[in-house]
Amino acid sequence: AGLGTDQLGRPRVFAFLGFLFVPTDQSPIPHSYMAAAAVAAPMEPTGGSGIAAGQGSLAFDAAHADTVHDAQLDYYGKRLATCSSDRVVKIFNVAGSAHQHVADLIGHQGPVWKVCWAHPKFGNVLASCSFDRSVIVWKETTENVWERVFTSPPALHESSINSVAFAPHELGLHLACASSDGSLSIISHSPNQGWETTKKGMERAHPIGCTGVSWAPAEAPGALVSPAAQHTPARRLVSSGCDSTVKVWSFLDNLQEWKVDNVLEGHSDWVRDVAWAPNVGLPMCTVASCGQDGKVIVWTQSQAGAEWQSVLLHDFKVPVWSVSWSVTGNILAVSDGNQQVTLWKEQLDSTWAQIQSVQ
């Protein structure tokens, strides 16, 4: 799915093969421009409702008053959330070739860069982040009626919050945030403690600024194939920044803080986005990153503790704004400065081939 404009310049949304693609012209980092963003969405058939894989495309006027920056389908592919520089988050019901606008969520005081759905075990919960330095968590209390249940404290971040990502549901209700102030933060909720925030260990994650964040699958690497593998859900994430690096993080339970496990260097300019691929407990970990240098790099770790290896997926020769994996983790969506979204798949010889293009 994605976002563009119609002949009158009005923002419109289209869905395609279970991905969301969001061409935009503005970046969450001030004084630069963003051509596109991409986010993953469910690909399973939805029993006659929602957007199913292979359905084709769905295009409609999103009715935002300004540039649309992100769009996300929920877990079932039946709800679509969009956000824009008009400071509004919109919710749509989607079913087959039809859509229905059901809610406007108003609360941000600046452009809204990203939206992210929580797992449905927590109810219909959505997070949004903005240039206004805030994260808002919204919840549907009754059908099509949404309430703001949490707003990040003003002191949490000193600059624009550029990306948010909910953790795998096995870990609980945790939301990672990446900010231009160079820090990452985690917003958590539990029935006993309510809402809590922490930045411990991540205060200077990327000193020049953080651009993206993505959680690792909860299953420990190798848990599916090795009886001896650790079966306790692992709390790990990966981040990208303006320091041209990708960083892999893990949570230390004994110290209750985060630490950097690996610093991955391969980009020559700002890393614009990063995405950790689903792997359902297989030994190999896979991460994709994209940058201002036009490169998309796929990083792999063969087993826990091994060195990360990199493969250049493609040099697009223009800034690349976003990467997103399919839910099966074998297809990568890339959106670039040519207003194109391309789909890539790894071949038997470990090279990557483009299998589709969307404009």
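Relevant structure appears above.
Reading guide: rules and limits
- Residues numbered from 1 in each chain as written.
- Predicted model: local features only at pLDDT ≥ 70, side-chain atom pairs only at ≥ 80, totals over all residues.
- Heavy atoms only, no water.
- Helix = DSSP H or I, 4+ residues; strand = E, 2+ residues; numbered from the N terminus.
- Buried < 20%, exposed > 50% of the residue type's maximum accessible area, 1.4 Å probe, protein only.
- Areas by Shrake-Rupley, 256 points an atom, 1.4 Å probe, with all protein chains shown as cover.
- Pairing = 2+ DSSP bridges.
- Axes fitted to C-alpha atoms, helices over the stretch in contact; angles between N-to-C directions.
- Salt bridge = Lys/Arg side-chain N within 4 Å of Asp/Glu carboxyl O.
- Phe/Tyr/Trp six-rings, centres within 6.5 Å; stacked < 30°, edge-to-face > 60°.

(A) Seen up close, the overall build of the protein chain. Scanning the protein chain for helices and strands turns up 0 helices and 29 strands. Sorting the 359 residues of the protein chain into buried and exposed places 55% on the buried side. Counting only carbon and sulfur atoms, one obtains 50% of the accessible surface of the protein chain, whose full area is about 14800 Å².

(B) Quick peek at the sheet that holds strand β21 (residues 257–265). Spatial strand order, β18-β19-β20-β21: 4 strands in an open sheet with antiparallel pairing. Edge positions in the open sheet fall to β18 (210–215) and β21, since each of these has one partner strand only. Sheet twist, expressed as the average angle between the axes of neighbouring strands with direction ignored, equals 25 degrees.

(C) Main features of the pattern of salt bridges. According to the stated counting rule, one finds 4 salt bridges in the structure shown. The shortest N-O distance in the salt bridge between D104 and K90 comes to 3.1 Å. You can see D104 sitting in strand β9 (residues 98–106) and its partner K90 sitting in strand β8 (residues 88–95), a full 14 residues away along the chain. K90 sits in the buried class, given a relative accessible area of 6%. Residues D315 and K317 are paired through a salt bridge, measuring 3.4 Å at the closest nitrogen-oxygen approach.

(D) Structural detail: the packing of aromatic side chains. Applying the stated rule across the entire model yields 9 aromatic pairs. For the ring pair W276 and W308, a centre distance of 5.9 Å and an interplane angle of 85 degrees mean the geometry is edge-to-face. In this pair, W276 is assigned in strand β22 (residues 271–276) and W308 in strand β25 (residues 308–315), connecting sequence segments 32 residues apart. Each member of the pair, W276 as well as W308, carries the same accessibility label: buried. One aromatic cluster in this structure is built from W215, F251 and W258.

(E) Structural detail: the sheet that holds strand β7 (residues 79–84). Strand order across the open sheet formed by 4 strands is β6-β7-β8-β9, with antiparallel pairing between neighbours. A strand with exactly one partner marks an edge of an open sheet, and here the two such strands are β6 (68–73) and β9. Strand-to-strand twist in this sheet, taken as the mean axis angle between neighbours without regard to direction, amounts to 20 degrees. Both β6 and β7 contribute to a ladder of 5 bridges, which runs antiparallel. Opposite L73, over in β7, you have L80 as the bridge partner.

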